[in-house]
Structure formats: C-alpha cells, structure tokens
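Chain by chain, the residues run as shown.
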Amino acid sequence: MSNPSHQAPTSNKPAVLFVCSKNGGKSQLAAGLMNQVANGSVTVYSAGTTPGKSLNPQAVESLTELGIDISGEHPKPVTGEVLDAVDAVIVLGTEAKLEPREGTRFEVWETDEPSERGVEGMERMRLVRDDIRSRVLNLYEELTAG
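Read on for a plain summary of the structure. Everything numeric in this text was worked out from a predicted model, so none of it was measured.

### So, the sheet that holds strand β3 (residues 88–92)
Paired through backbone hydrogen bonds, the strands of a sheet run either parallel or antiparallel to each other.
And then number 1: In space, the four strands of this open sheet follow the order β2-β1-β3-β4, with parallel pairing throughout. The open sheet is flanked by β2 (43–48) and β4 (105–109), the only strands paired with a single partner. Going across the sheet, the axis of each strand differs from the next one's by a mean of 20°, ignoring polarity.
And then number 2: Bridge count for strand β1 (residues 15–20) against β2 is six bridges, and the pairing is parallel.

Structure representation (structure tokens):
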C-alpha cells in the first residue's frame, strides 16, 4: 500500500546560476552553453548584478554559430529566490560583486579578456565563448558526477 503523504523530491537535478554584471554577455554565454551540454540534466539560470537593457548581439551570434539560440533571453537581476534554488553560483569576470552563500558552491571565473591583447569584435567574442565553454564542460562533469 502506498503512502500518499510521502512525496518524492520534485527534482534532484543540480541547479547552477551564472552571474555577470549586466547579464547580457558572459553569463548568457555560460547559461546557453550549459543548457546545450546538459540537455535538461541541469537547471540553468543566469542573472546580472546590474542588469543591462539587452543582450550583447555578438554573444548571441557566437552561440548561434554553435547551434544555440538565446535570442529569447533578456537580462535579469539576481534574486534571493534563484540564489536559494541553486547548488552552484558562478560569477564570470571580476566586475560583478556577489556575496557567497553558506552551503552553496561559489566560484569566480576570471574569464579570458582578448581585448587586453587587442582582439576585438567577433574574434574576441569567440575566444571568450570558447574559454567559458571549456569551463562549463568541466563544471557539468562535476555537477553530474555520481
């Protein structure tokens, strides 16, 4: 006889929040890349500490090149609800400032900044994307291990 009061957890999927300052570029790249590699096995959020008005068109295009469509996304603020819902918070770059939460994995990824080497435009964005992609792949393996 089943016990109706005993409910299985709604989800044992790991959840990750990617944060940058404006939520128009790097955190959107990371979220799009994680959604592609995880294929539904990780819940993915992205947000900005000071959300901008729109996505970086080059960030959108660099993901389109990999078959990832984030054109429906928009910059969102970091909220307590999302912070409470995730297992890991990844801050991309050093511009966004966020306090770590106890019991939640917290990392700051100092991402490649090709503009410091004079690389601009789509070439820059592809390098940023590929740097973030390698980190996302590692994170995915860690979040889904075991």
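### A word on the side chain of Thr104
And then number 1: Considering the arrangement of structural elements, one finds Thr104 in the loop between β3 and β4.
And then number 2: Exposure remark for Thr104: the relative accessible area of 16% places this residue in the buried category.
And then number 3: Sequence-distant contacts of Thr104, defined by excluding residues within four places in its chain, comprise Val86, Asp87, Ala88 and Val89.

Thresholds applied
Residues numbered from 1 in each chain as written. Predicted model: local features only at pLDDT ≥ 70, side-chain atom pairs only at ≥ 80, totals over all residues. Heavy atoms only, no water. Pairing = 2+ DSSP bridges. Helix = DSSP H or I, 4+ residues; strand = E, 2+ residues; numbered from the N terminus. Axes fitted to C-alpha atoms, helices over the stretch in contact; angles between N-to-C directions. Buried < 20%, exposed > 50% of the residue type's maximum accessible area, 1.4 Å probe, protein only. Contact = heavy atoms within 4.5 Å.

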